[in-house]
Structure formats: structure tokens, C-alpha cells
Amino acid sequence: MRLLLVEDDSELVERLGPALSGAGFALDRADNGIDGEFLGDEIDYDLVVLDLGLPGRPGLEVLANWRSRGNTVPVLILTARDAWHERVDGFRAGADDYLGKPFHIEELLERLKALVRRSEGRPGPELQAGGLVLDEERQQVRLPEGTLVSLTGTEFRLLRYFMLHPDRILSKGRLTEHVYDQDFDRDSNLIEVYVRRLRDKLGSERILTRRGQGYLFPERSG
């Protein structure tokens, strides 16, 4: 899942980066409101973490502008701990959740995961599709016969995106955008490598190739 972090506190960004990547998010960053708003409009993000006190353009204005243009990406706003009025204004502008500073990274991660589940209509941390059950906490997948298979970080992010979009043809470009961070070489053929690794672990029938179009994860395998 691809996440946009709009935050000008470089120390906070440095602390959050490894934690967000470790939780399975492909991370893009912006350190001001103008660039953040542009990225949020140009790229199909799954989530946004948006600080309100940004240089260039306040986060509240960025959020209001997104919503006015019909951008419905789930947004968690970061506010000062005692600024209750910012939280109210944020919700009025279209925020989906908030977190007061300072905060524990673990709480941010759990709030983001909950936001994803709500946006997908899922009540719990397990994602089910195609006869597989993906445990996002442990980054493992359970096969229909009950076997647990551990996944690397990239395998987990790729399989999760497939399972979130069953029976849809997904191009290599789209998969790359939602699996890798913004600094990744977008022309790489690594998607093919990791699709092959997933097939080796899960069975070749789990991910089908549509030549000239991309890949398809069937809702019903076999």
C-alpha cells in the first residue's frame, strides 16, 4: 500500500520511515503543503498522513482542497496534543482520523491499519481472498490446507495488493507504484521476480499472467 507522509519535521520523518516501511507501506514524502497537495492529486495513494502545521500551505487547506476536488483518499491528520480546535476543523475539512503530537509510533501504525480496514470494509486484521488468509500483523499467509507461509517485506506488500484487488488485471506499473517507495527505480523488472517467488510459495495458479496487460489474482483459485 502506498502512503504519502506530509511532514516538515525531518527528525520525525526519519523515525517514521523505517517503521512505516516495516509495516508494509511504500512511502512517499513531502515536507511542505504545496508539494504534498500536488502529490496527493497526482498519485493514487492508499493513505495520507498529513501534518497541519506545514510551510508553504497549511495542512488544513491542503485537505480542504483535496476534498473539494473529490479526492477521497483516507487522511490521518497530525495535530498538537492540546489543539482540540484543530482536530474539530480537521474533521470538518474531511479528515478520517487524527493523532496528537507527541505520539507513539505503534499507535500511529495501528490507526493506519484500522483506517485501511475501514476503507475496505474489513472488521479484523486478516485479509481473505482466493482461498488465502493474509495475517498483516505477522506478514504470513495461510494456505487453504492450513499451511503457514512466511513472506519477505516485498512479497507481503505485493500479495496484499493482489488480494485487495482480486479478479482485476494489474499492470506492472501499477504494482510498482503501490509496492515500492518513491526512490525506487520505476523501470525495474523486479515485479516479475517477486511474482515468481510468490508463485513458488503459493502455487503457480495463484497469480496469472495476462500477456501485454499485467497480472491477475483470481478470487477463486483452481
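Everything below is about the structure printed above this text.
For every chain, the first residue of the written sequence is number 1, and numbering continues from 1 onward in sequence order. The model is predicted, so local features are restricted to residues of pLDDT at least 70 and side-chain atom pairs to those at 80 or more, both for listing and for counting; the totals for chains, interfaces and linings are taken over all residues. Just so you know, side-chain values use all the structure's heavy atoms and leave hydrogens and water out.

(A) Spotlight on the overall build of the protein chain. Looking only at helices and strands, the protein chain features eight helices and twelve strands. Expected size for 222 residues packed as a compact globule is a radius of gyration near 17 Å; at 18 Å, the protein chain falls within 12% of this value. Taken along the three principal axes of its C-alpha coordinates, the protein chain extends 55 × 35 × 30 Å. When a residue's accessible area, from a 1.4 Å probe over protein chains only, is under 20% of the maximum for its type it is buried; when over 50% it is exposed; and in between it is partly exposed. When each of the 222 residues of the protein chain is scored for burial, the buried share is 50%. At a minimum sequence separation of 6, the contacts of the protein chain that also span at least 24 residues come to 56%. Labels follow the DSSP assignment, with helices taken as runs of H or I lasting at least four residues and strands as runs of E lasting at least two, numbered in each case from the N terminus. In this treatment the radius of gyration is a C-alpha quantity, and the globule benchmark scales as 2.2 Å times the residue count to the 0.38 power. Contacts: residue pairs with any heavy atoms within 4.5 Å of one another.

(B) Region of interest: the sheet that holds strand β10 (residues 169-170). For two strands to be treated as a pair, DSSP must find no fewer than two bridges joining them. One open sheet accounts for three strands, arranged β10-β12-β11; its pairing is antiparallel. The open sheet is flanked by β10 and β11 (208-210), the only strands paired with a single partner. Both β10 and strand β12 (residues 214-216) contribute to a ladder of two bridges, which runs antiparallel. Directly across from L170, in β12, lies its bridge partner Y215.

(C) Structural detail: the side chain of H178. Looking at the secondary structure, you find H178 in helix α7 (residues 172-179). The buried category is assigned to H178, whose relative accessible area is 1%. A 3.5 Å cut-off defines polar contacts: any pair of N or O atoms within that distance qualifies, except that in protein one atom must be a possible hydrogen donor and the other a possible acceptor, and neighbouring residues in sequence count only when both atoms are side-chain atoms. A polar contact of 3.4 Å, which involves the side chain of H178, links it to the backbone oxygen of D44. Other than its neighbours up to four places away in sequence, H178 contacts M1, R2, A26, D44, D46 and Y161.

(D) Structural detail: the layout of surface pockets. Taken as a whole, the largest pocket encloses approximately 330 Å³ of empty space. Together, 18 residues line the largest pocket, and D44, Y45, D46, V73 and P74 are the ones closest to its centre. Mapped by element, the contributors of at least two residues to the lining of the largest pocket are α5 (105-120), α6 (153-164) and α7. Note that Gly is not counted as nonpolar here; it falls among the polar residues with everything else outside the nonpolar set of Ala, Val, Leu, Ile, Met, Phe, Trp, Tyr, Cys and Pro and the charged set of Asp, Glu, Lys and Arg. A class-by-class count of the residues in the lining of the largest pocket yields seven nonpolar, seven polar and four charged. Using a 1 Å grid laid over the protein atoms alone, points where a 1.4 Å probe fits but cannot get out form a cavity; open sets with protein on both sides within 12 Å along at least 5 of 7 lines form a pocket; any residue with an atom within 4 Å of a point counts as lining. Grid points are joined across faces, edges and corners, and a volume is the space filled by probe spheres set on the points.

(E) Looking closely at the pattern of salt bridges. Just to be clear on terms, a salt bridge is a Lys or Arg side-chain nitrogen sitting within 4 Å of an Asp or Glu carboxyl oxygen. Taken as a whole, this structure holds 17 salt bridges when the rule is applied. Between D41 and R69 there is a salt bridge whose closest N-O contact spans 2.5 Å. Linking D41 in helix α2 (residues 33-42) with R69 in the loop between α3 (59-68) and β4 (75-80), this pair joins segments that are 28 residues apart in sequence. Judged by its relative accessible area of 34%, D41 falls in the partly exposed class. A salt bridge links R160 to E136; its shortest N-O distance comes to 3.2 Å. Taken together, the residues R160 in helix α6 and E136 in the loop between β7 (132-135) and β8 (140-142) connect sequence positions 24 residues apart. Residue R160 shares its accessibility class with E136, and that shared class is buried.

(F) Geometry of the packing of α2 against α3. Close contact between α2 and α3 brings their axes to 10 Å; oriented N to C, the two are set at 25°. By the angle class used here, α2 and α3 are roughly parallel. Relative to α3, α2 is oriented so that their crossing is right-handed. Only V62, N65 and W66 of α3 make contact with α2, whose side of the interface consists of G33, G36, E37, G40 and D41. For helices, the axis comes from a line fit to the C-alpha atoms of the stretch in contact; other axes are also lines fit to C-alpha atoms, and the angle between any two N-to-C directions lies between 0 and 180 degrees. When an angle is under 35 degrees it counts as roughly parallel; over 145 it counts as roughly antiparallel; between 65 and 115 it counts as roughly perpendicular; any other value is oblique. Handedness of each helix crossing follows the sense of rotation of the near helix against the far helix: counterclockwise by less than a right angle gives left-handed, clockwise gives right-handed.

(G) Structural view of the packing of aromatic side chains. The criterion for an aromatic pair is that two Phe, Tyr or Trp rings (for Trp, the six-membered ring) have centres within 6.5 Å, with stacked assigned to planes under 30 degrees apart, edge-to-face to planes over 60 apart and tilted to the rest. Summed over all chains, the structure comprises two aromatic pairs. Each ring, one from F91 and one from Y98, has its centre 5.8 Å from the other, and the planes form 85°; the classification is edge-to-face. Arranged with centres 6.5 Å apart and planes meeting at 25°, the rings of F162 and F217 form a pair that is stacked. With F162 in helix α6 and F217 in the segment after β12, this residue pair connects regions lying 55 residues apart in the sequence. Residue classification places F217 among the buried positions, given a relative accessible area of 1%. Lying across the ring of F25, R160 places its NZ or CZ 5.6 Å from the centre. The rule for a charge over a ring is simple: NZ of Lys or CZ of Arg within 6 Å of the ring centre, and within 35 degrees of the ring normal. Here R197 stacks its cationic end above the ring of Y194, 4.7 Å away from the centre of that ring.

Any functional reading would require information beyond the geometric quantities listed.
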